[in-house]
Amino acid sequence: MTEGCIMNEGKSVKLDKTKNTIRGIIAGLLNKVITLLIPFVVRTLLIQKIGIEYAGINSLFTSILNVLNLAELGFASAVVYSMYKPIACKDDRTICALLNFYRKIYTVIGWSIFAIGLFIMPFIHCFINGEYPKDINLYIIYFVFLLNTVSTYLFYGYKNSVLNAYQRIDVISNISSITTLILNFSQILILLFVPNFYLYVILIPIFTLANGLITSYQVDKLFPQYRCIGMISAEMKADIKKKVTGLMIQKLCVASRNTFSSIFISVFISLVVVGIYNNYFMIINAITSIFTLVPAAMVGGIGNNVQISTVEENHNAMKKFNCMYMWLSTIVAVCLFLLFQPFMEIWMGKEYMFDMTTVGLFVIYFYMLKIGDIRSIWLDAAGLYWEIKWRAIWEAVLNLVLSFVLIQVLGINGVLIGTIISLFTINFLYGSSITFKYYFGYDKLKSYYITQMFHIFIMFISALSVYYLCNLLESFFNITNIWFVLIYRLFICISMPNVILYLFLHKTDDYELGVKWLKMFFLR
């Protein structure tokens, strides 16, 4: 029972974490099939029917507006965290007040983004090095993207917080699946029959608005007790402000990691390279998005668990989930390393491919994103946004400086190297120390570092072993058919790393905890 539930006669709400997590993951997987695979088809048609420069423009404007989204300052996560305790205590009045506060903030943010976006519109051409398509008006296209971003704030975006706090990610995923499916099929029809970039783009804000309206209806239906009324206390407002400050800095960090890459490439290289880079990054992002289903589905339940369970119980839970998560991350990293090039050759052709050095850097980048994911769930659930602020600042600064310098020396590889260095040194090493210092206990940090280093070692051993085996087989049997290469490599990438992982991990305590949990889950 959480402290502070006296107003409800000691009654507290304990969410069914396993049920909600699995429900969220299943709905999320379906959503990712729709929101990642079908847009993959759309991007293919966009490049084939109109040109890769248009895909570069699409990526560039998306990146610029993601930077403007920093105006959101992390209010969403801070408000969701603030809802965990009222939900556990059945304090509906506080939740209504939080929603009212959230709605007002989102309205201000939406109009602020619109104003800033209009201010930078005259300078959009400065973000492009070299030629860009002359048959479109850059400013009109940018304005449509701006409208799409603003609509997420002005039309019921705040209501997602209720679904997130209640761990109903499945509802969000299902709505997104429906609207994205209709949007993408509409775009496919346009590209096939009337390939026009204006028509392609104008559909995006229309369906973003539809998504907001449907979400609002579902929240009202599932939680009719919540309305935007009342005022939060000065103490709660101060707490949210503090967390938002920390989250704002974290968002700057994420923006420096992802969105500034496309901007730097466009400014220093070309739109064509932006398009190629984002072809690779689209695959990384698709897989990463599927991985985020686990933290997204778990965080509401973990937030509830942080309120009602001991730190030791949460630490043991983190260890078992981390072992299973890193096992899966290693297999996916090996698959990326071996399958990226044959897949890209089939999809885009050799003229739109990077070399294996760049591929290897993409894989390391992916793995550096994953090594801290499970630990970060408890950081979010414990609300350590203020405590983590310096980690985010230093990561953002280091990443921007390294990327800016290295892209001019090493080209596209410089952007990836700069991001990898900042991810490992600041995000993982320093970020983990904050989580353990303020929640799990500093005495457990060394063991965690050793565990994660061991996982990194296993990943490299697995990737290099599979790489040399595949090259040996292809050379010995003179295998040249690209489809056959893709299929047989996939089989080896899934089977061989599992054997290596088992040999290294099967006697560890974390592995035993993870297997025990999986058995309990599947026998429920």
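All figures in this text were calculated on a predicted structure; none of them were measured in a lab.

What about the packing of helix H10 (residues 259-268) against helix H16 (residues 389-410)?
The contact between H10 and H16 brings their axes to 11 Å, and the two run at 30°. Comparing the axis directions of H10 and H16 gives the class roughly parallel. Seen along the crossing, H10 lies across H16 with a hand that is right-handed. Facing Phe260, Phe264, Ile265 and Phe268 of H10, the residues of H16 in contact are Leu400, Ser403, Phe404, Ile407 and Gln408. When the residues that make up the contact of H10 with H16 are grouped by side-chain class, the tally is seven nonpolar, two polar and no charged.

Here we look at a nonpolar patch on the surface
On the surface, a nonpolar cluster with roughly 990 Å² of combined accessible area is contributed by Val267, Phe268, Trp390, Trp394, Val397, Val401, Phe404, Val405, Val409, Leu410 and Tyr430. If you list the elements that add at least two residues to the nonpolar patch, you get H10 and H16. Tracing the sequence through the fold places valine 405 in helix H16.

Remarks on the confidence of the model for the protein
Residues at a pLDDT of 70 or more form 85% of the protein, whose mean pLDDT is 84. The secondary-structure element of the protein with the lowest mean pLDDT is helix H12 (residues 293-308), recorded at 68, while helix H14 (residues 356-370) shows the highest, at 95. Below a pLDDT of 50 lies the segment residues 6-10, which in the model reaches seven contacts outside its immediate sequence neighbourhood of four places, other chains included.

Topic: the pattern of salt bridges
Tallied over the full model, the rule gives eight salt bridges. Glutamate 345 is the partner of lysine 350 in a salt bridge, and the nearest nitrogen-oxygen pair spans 4.0 Å. Under the relative-accessibility criterion, lysine 350 is labelled exposed at 60%. Overall, the relative accessible area of 27% leaves glutamate 345 in the partly exposed class. Of the charged contacts in the structure, one is a salt bridge between glutamate 474 and arginine 489, with a shortest N-O distance of 2.7 Å.

Let's talk about unusual backbone geometry
Positive phi outside glycine occurs at lysine 90, with the angle close to 55°. Positionally, lysine 90 belongs in the loop between helix H3 (75-88) and helix H4 (92-120). For lysine 90, a relative accessible area of 45% puts it in the partly exposed group. For asparagine 478, which is not glycine, the phi torsion reads 55° and is therefore positive. For asparagine 478, the position within the fold is in the loop between helix H18 (445-477) and helix H19 (482-505).

Observations regarding the environment of tryptophan 327
Within the secondary structure, tryptophan 327 sits in helix H13 (residues 311-347). Along the backbone, tryptophan 327 and leucine 505 are 178 residues apart, and their C-alpha atoms lie at a distance of 9.2 Å. Beyond its immediate chain neighbours, meaning those up to four positions away, tryptophan 327 contacts Asn498, Leu501, Tyr502, Leu505 and Tyr511.

Structural notes on the packing of aromatic side chains
Inspection of every chain in the model, using the stated rule, returns 43 aromatic pairs. When the centroid spacing of 5.7 Å and the interplanar angle of 80° are considered together, the rings of phenylalanine 61 and tyrosine 142 count as edge-to-face. Separated by 81 residues along the polypeptide, phenylalanine 61 in helix H2 (residues 52-68) and tyrosine 142 in helix H5 (residues 138-154) bring together distant segments of the chain. In this structure phenylalanine 61 comes out as buried when scored by relative accessible area, which is 0%. An aromatic cluster of at least three residues, connected via ring pairs, comprises Trp378, Phe424, Phe428, Phe436, Tyr439, Phe440, Tyr448 and Tyr449. Across the ring face of tyrosine 132, the terminal group of lysine 134 is positioned such that the distance to the ring centre comes to 4.0 Å.

Definitions and cut-offs
Residues numbered from 1 in each chain as written. Predicted model: local features only at pLDDT ≥ 70, side-chain atom pairs only at ≥ 80, totals over all residues. Heavy atoms only, no water. Axes fitted to C-alpha atoms, helices over the stretch in contact; angles between N-to-C directions. Helix = DSSP H or I, 4+ residues; strand = E, 2+ residues; numbered from the N terminus. Parallel < 35°, antiparallel > 145°, perpendicular 65-115°, else oblique. Left-handed = near helix turned anticlockwise from the far one by under 90°. Contact = heavy atoms within 4.5 Å. Nonpolar A, V, L, I, M, F, W, Y, C, P; charged D, E, K, R; others polar. Patch = residues over 30% accessible without salt bridge, like charges linked within 9 Å, V, L, I, M, F, W, Y side chains within 5 Å. Areas by Shrake-Rupley, 256 points an atom, 1.4 Å probe, with all protein chains shown as cover. Salt bridge = Lys/Arg side-chain N within 4 Å of Asp/Glu carboxyl O. pLDDT = per-residue confidence, 0-100. Buried < 20%, exposed > 50% of the residue type's maximum accessible area, 1.4 Å probe, protein only. Phe/Tyr/Trp six-rings, centres within 6.5 Å; stacked < 30°, edge-to-face > 60°. Lys NZ or Arg CZ within 6 Å of the ring centre and 35° of its normal.

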